[in-house]
Protein chains: 2
Amino acid sequence: MTSKQLDYSQDPKHDLHQLIVRKDAPFNAEPCPVDLIKNYITPEKYFFCRNHGPLPDIQELDHTILVQGLGCDRPTRFNMKQIKEDYEKASVMMVMQCAGNRRDGLHKVKHTKGVIWGPGALGNAIYSGCRLRDILATVGVTTKIKNLTKLHVAFESVEQCEEDKCYGSSIPLSKALDEFGDVLLAYEMNYSTLTRDHGYPIRVVVPGYIGGRSVKYLKSITIQDYESMSYYQRRDYKILPESVSDEKQAEAFWCKVPSIGEYNVQSYVCNPSDGIHDGIHCSNQTVQGYALSGGGRYIQRVDVSGDDGKTWTTAQLHQPAAEGNNCRVWGWCLWSVTIATKRGVRIVSRAVDSSGNVQQEYPVWNYRGVMNNSWRTVDSTSMEMSNI
Amino acid sequence: MTSKQLDYSQDPKHDLHQLIVRKDAPFNAEPCPVDLIKNYITPEKYFFCRNHGPLPDIQELDHTILVQGLGCDRPTRFNMKQIKEDYEKASVMMVMQCAGNRRDGLHKVKHTKGVIWGPGALGNAIYSGCRLRDILATVGVTTKIKNLTKLHVAFESVEQCEEDKCYGSSIPLSKALDEFGDVLLAYEMNYSTLTRDHGYPIRVVVPGYIGGRSVKYLKSITIQDYESMSYYQRRDYKILPESVSDEKQAEAFWCKVPSIGEYNVQSYVCNPSDGIHDGIHCSNQTVQGYALSGGGRYIQRVDVSGDDGKTWTTAQLHQPAAEGNNCRVWGWCLWSVTIATKRGVRIVSRAVDSSGNVQQEYPVWNYRGVMNNSWRTVDSTSMEMSNI
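Residues numbered from 1 in each chain as written. Chains lettered and ligands numbered in written order. Predicted model: local features only at pLDDT ≥ 70, side-chain atom pairs only at ≥ 80, totals over all residues. Heavy atoms only, no water.

Named according to an unreviewed UniProt entry, chain A is Sulfite oxidase originating from Mucor plumbeus.

### Considerations on the overall build of chain A
What chain A contains, in helices and strands, is seven helices and 19 strands. Taking 2.2 N^0.38 as the reference for a compact globule, 388 residues should give roughly 21 Å; the C-alpha atoms of chain A span a radius of gyration of 21 Å, in line with that estimate. When its C-alpha atoms are laid out on the principal axes, chain A stretches across 65 × 50 × 45 Å. Per-residue burial over chain A gives 62% buried out of 388 residues. Looking at chain A alone, contacts between residues at least 24 apart form 71% of all its contacts between residues at least 6 apart. Carbon and sulfur atoms make up 48% of the accessible area of chain A, which amounts to about 14,800 Å² in all. With 44 positive and 44 negative side-chain charges, chain A shows a separation of 3 Å between the mean positions of the two kinds. (Helix = DSSP H or I, 4+ residues; strand = E, 2+ residues; numbered from the N terminus. Rg over C-alpha atoms; globule rule 2.2 N^0.38 Å. Buried < 20%, exposed > 50% of the residue type's maximum accessible area, 1.4 Å probe, protein only. Contact = heavy atoms within 4.5 Å. Areas by Shrake-Rupley, 256 points an atom, 1.4 Å probe, with all protein chains shown as cover. Lys, Arg positive; Asp, Glu negative; His and termini not counted. Charge placed at Lys NZ, Arg CZ, Asp CG, Glu CD.)

### Concerning the pattern of salt bridges
Per the counting criterion, the structure on display carries 44 salt bridges over all chains. Ionic pairing is found between Asp57(A) and Arg196(A), a salt bridge with its closest N-O pair at 3.9 Å. Of this pair, Asp57(A) sits in the loop between helix H1 (33-36) and strand S3 (64-69) while Arg196(A) is found in the loop between strand S10 (192-193) and strand S11 (203-205), placing the two residues 139 residues apart along the sequence. Owing to a relative accessible area of 18%, Arg196(A) belongs among the buried residues under this scheme. Put simply, Asp178(A), Arg328(A), Asp178(B) and Arg328(B) are held in one network by salt bridges that share partners. (Salt bridge = Lys/Arg side-chain N within 4 Å of Asp/Glu carboxyl O.)

### Section: the packing of aromatic side chains
Enumeration over the complete set of coordinates arrives at 16 aromatic pairs over all chains. A ring pair is formed by Tyr290(B) and Trp332(B), whose centres lie 5.8 Å apart and whose planes are at 10°; its orientation type is stacked. Of this pair, Tyr290(B) sits in strand S14 (residues 282-292) while Trp332(B) sits in the loop between strand S17 (316-318) and strand S18 (333-341), placing them 42 residues apart in sequence. Neither residue differs from the other here; Tyr290(B) and Trp332(B) are each classed as buried. One aromatic cluster is present, built from ring pairs that chain together Phe47(A), Phe48(A) and Trp117(A). It is Arg350(A) that lies over the ring of Trp312(A); its NZ or CZ is 4.1 Å from the centre. (Phe/Tyr/Trp six-rings, centres within 6.5 Å; stacked < 30°, edge-to-face > 60°. Lys NZ or Arg CZ within 6 Å of the ring centre and 35° of its normal.)

### Here we look at the sheet that holds strand S14 (residues 282-292) of chain A
Two orientations exist for strands paired in a sheet by backbone hydrogen bonds: parallel and antiparallel. All names here are of chain A. Taken together, four strands build an open sheet; the order of strands is S13-S14-S18-S17 and the sheet is antiparallel. At either margin of the open sheet sits one strand with a lone partner, and together these are strand S13 (266-271) and strand S17 (316-318). Ignoring which end each strand starts from, the neighbouring axes of this sheet average 30° apart. (Pairing = 2+ DSSP bridges. Axes fitted to C-alpha atoms, helices over the stretch in contact; angles between N-to-C directions.)

### Details of the UniProt feature "domain: Moybdenum cofactor oxidoreductase dimerisation" (unreviewed entry) in chain A
In the numbering adopted here, UniProt assigns the feature "domain: Moybdenum cofactor oxidoreductase dimerisation" (unreviewed entry) to residues 259-378 of chain A. As annotated, residues 259-378 of chain A comprises 0% helix and 37% strand, and the C-alpha atoms at either end are separated by 26 Å. (UniProt positions renumbered as here; feature names shortened; annotations may be inferred.)

### A closer look at the relation of the copies chain B and chain A
Once turned by 180° and shifted 0.0 Å along the axis, chain B lies on chain A with an RMSD of 0.0 Å. The superposition operator between the copies reduces to a two-fold rotation axis. In terms of C-alpha distance to the rotation axis, chain B has Gln360(B) as its closest residue, with the C-alpha 2.3 Å off the axis. A shared binding surface is used by both copies, with 100% of the interface residues of chain B retained as interface residues in chain A. (Least-squares fit on C-alpha atoms with pLDDT ≥ 70 in both.)

### Thoughts on the environment of Lys175(A)
Residue and element names in this part refer to chain A. Checked against the element boundaries, Lys 175 lands in helix H5 (residues 173-177). The class for Lys 175 is buried, based on a relative accessible area of 9%. Distance in space between the C-alpha atoms of Lys 175 and Ser 283 is 47 Å, their sequence separation being 108 residues.

### A short note on the sheet that holds strand S16 (residues 313-314) of chain B
Strand order in the open sheet formed by three strands is S16-S15-S19 (chain B), and the pairing between neighbours is antiparallel. Where the open sheet ends on each side, the last strands, each with one partner, are S16 and strand S19 (348-353) of chain B.

### Some words on the environment of Leu177(A)
Residue and element names in this part refer to chain A. The residue Leu 177 is located in helix H5 in this model. Judged by its relative accessible area of 8%, Leu 177 falls in the buried class. Other than its neighbours up to four places away in sequence, Leu 177 contacts Arg 133, Leu 136, Val 141, Thr 142, Thr 143 and Leu 148.

### Considerations on the pairing of strand S9 (residues 184-189) of chain B
All names here are of chain B. Among the six residues of S9, six are classified as buried, and the element is accordingly described as predominantly covered. As judged from the five bridges shared by strand S6 (residues 122-131) and S9, these two strands associate in the antiparallel manner. Across the sheet, the residue bridging to Gly 129 is Ala 186, located in S9. With three bridges joining them, S9 and strand S11 (residues 203-205) adopt antiparallel strand pairing. Looking at S11, one finds that Ala 186 is bridged to Arg 203. As paired elements, S9 and strand S10 (residues 192-193) share two bridges and run antiparallel to each other. Residue pairing across strands places Met 189 opposite Ser 192, the latter belonging to S10. Between S9 and the antiparallel strand that follows it, S10, lie two residues; Asn 190 among them carries a positive phi value of about 50°.

### Some details on the interface of chain B and chain A
Counting from both sides, the interface comprises 43 residues of chain B and, opposite them, 43 residues of chain A. Summing both sides of the interface, chain B and chain A together bury roughly 3,600 Å²; the carbon and sulfur share of this comes to 45%. Per-residue buried area on chain B facing chain A is highest for Phe180(B), Arg301(B) and Asn326(B); these three make up 16% of the total on that side. Where chain B packs against chain A, one counts four salt bridges. The salt bridge partner of Arg328(A) is Asp178(B), with a shortest N-O separation of 2.9 Å. Where chain B touches chain A, the interface holds 26 residue pairs in polar contact (both at pLDDT 80 or more). (Buried area = accessible area lost by both parts, 1.4 Å probe. Polar contact = N/O pair within 3.5 Å; in protein donor to acceptor, adjacent residues only side chain to side chain.)

### Observations regarding unusual backbone geometry
Here the residue pair Tyr200(B) and Pro201(B) is connected by a cis peptide bond, since its omega of 10° sits within 30 degrees of zero. Residue Pro272(B) is reached from Asn271(B) by a cis peptide bond, and omega for that bond is 0°. Within the secondary structure, Pro272(B) sits in the loop between strand S13 (266-271) and S14. Non-glycine residue Asn147(A) carries a positive phi angle of around 60°. With respect to the helices and strands, Asn147(A) occurs in the loop between helix H4 (132-138) and strand S7 (152-157). Even without being glycine, Asn190(A) reaches a positive phi, approximately 50°.

### Observations concerning the side chain of His63(A)
Structurally, His63(A) is set in the loop between H1 and S3. With sequence-adjacent residues up to four places away left out, His63(A) is seen in contact with Ile58(A), Phe78(A), Asn79(A), Met80(A), Val158(A), Pro201(A), Ile202(A), Leu218(A) and Lys219(A).

### Focus on the pairing of strand S15 (residues 299-305) of chain B
Residue and element names in this part refer to chain B. Counting buried positions over the seven residues of S15 gives seven, a clear majority of the element. Both S15 and S19 contribute to a ladder of six bridges, which runs antiparallel. Bridged to Ser 305 within S19 is Val 348.

Below you can see the structure in the form of structure tokens.
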């Protein structure tokens, strides 16, 4: 698909960000690994930006959100004042992670389609706003709705996009109504008003799901008995089989492969950056990184290896969201460990989540380059380990 | 710990079962892989049996269940008549899987503690009974309870056990109260009254969790602000780090490592049994097996390889529980595929669940031998692939 002529001249400046720009227009940028883990709550200057078109410039006073569809008493428009004043304000600490985080690891194996993200397309933030299920209750939609497990909530954005008329996506209605699902319509990030980069004046946040479902610049919410028809739900963010390697082959698979919701278990060595160290041999190298898993699963263990996976040392975990909480955990885990390193051997990490899922060793390549969580990095020609 | 003197003389006969006995007393047995996948709903003759002591011989008329603890208006006893007549009967189709399923794969790497299960310590059944959250609502416990995410529901069994005074375990209260959690107090399995092997007259069933949490012969339910104190919660069914290889070393880790709840992504080649085929070369070998994942995650893809993981073919999935259902899926997936095989190379399968988790290649060994989901089998000495 050729790019539409979209006007990026009104995009905000990003002078205060300390990000590596992966694409100028639309603006896509991520922090370097070392910056990413400096804070448990990621400040905006280190928070990745993911856009599919020019950033909308919305006046909050004029903005409304339409809620409509199956089970709704009638289509209803909510303005920002109602959302802020008539509904309880809730906060959720959660990782926002792009499905394409670490796409570079798959792109090294074979060409992938998409922005070539490194390991920084995620951040851990506190979002505040009203609960989506409170809004849905107002229009009459509760868990008593007929055929609940077949229904979806579709979101549309004001954002004009390159691949579709606007950004759109959907989640299962059961996730939206789940008392432990914590889906918000957020108007704050880290206790400040959302910026244009992050969806001002209002966005969806869907904890435990890939960032693509947390629609920014929200303009409508529709209950329907099919997934969003948007390009971003139907022809993107899917794990195609390894055999599918171009757009033409993909054509037959889009309708057969499920769209991604929850993300998988993940970890990465951020310090030294990418696990690449200066030392030749070092008996006590301090190593730090992040780990996370989708769906509210916390991290139970991170193993770190300085000898290419022959031996592993268990890291110390910093995961306050999980302490004394046996329900779902949406925040990430930062970890650190001291290990011995070897000349020319990249340090690697391997996380185990609370459901016993472990990162795989080798990348399982897919055309869209999504959900890469291998602990080993391979180079493009030989599928051998990429050493320093 | 030395075995207690327990009397197994009143255990039922198992003449009608077609199971491989892994231990006589307590009775532990599993079907052979080929039998296991003959039916989507596993009949009792092929359903694994897992016991920790002699099978109780309970008279249903005399049996009561005590419900007590935090948030309960008062301790209340329910008899079986009340449970069957006063509460709506609900059914759930779900996999019951022992955390030790496929322990043999880890035991080949290094000695593990526990019954050496093959790949048959699971089955897919329809359980029917009352909802646990309906019972809890009767005694006043709902999601409005204070500190919900710090509370647990502990279950105790009539079963006398080798390692503790009785079988006990717990789950997070949030799982028990979750509208989409489907936790039942079941009195039927596959539309027949539970047998003594499977927990007559009543058992807990916890979909998406390891079987060890689905307590049989239920005698009490307690809401408390700590996990069950039972041996089976605290000193068993945990994924200890690889460095812990005996009882003495484990001592320092039991209190640091979380107990297992949800199980991980899994698949296995059942036909030909264990992926071991007679043929030398065969261009169109039919291969069948099972796949499943915990926490309501369904299976989105199963890849099968006849050439040691060099190339993979996508299998056809039979997973009716997932069709038209975008909420949680508790039933398993049976799959089949036709592939080429090579002389002396074991056929292997690798599943991807709906959260993008993939089975790891090599076993990550742990002392208790739990949650083994590697797609490759290794032998005990060299950690090389075990070929035929």
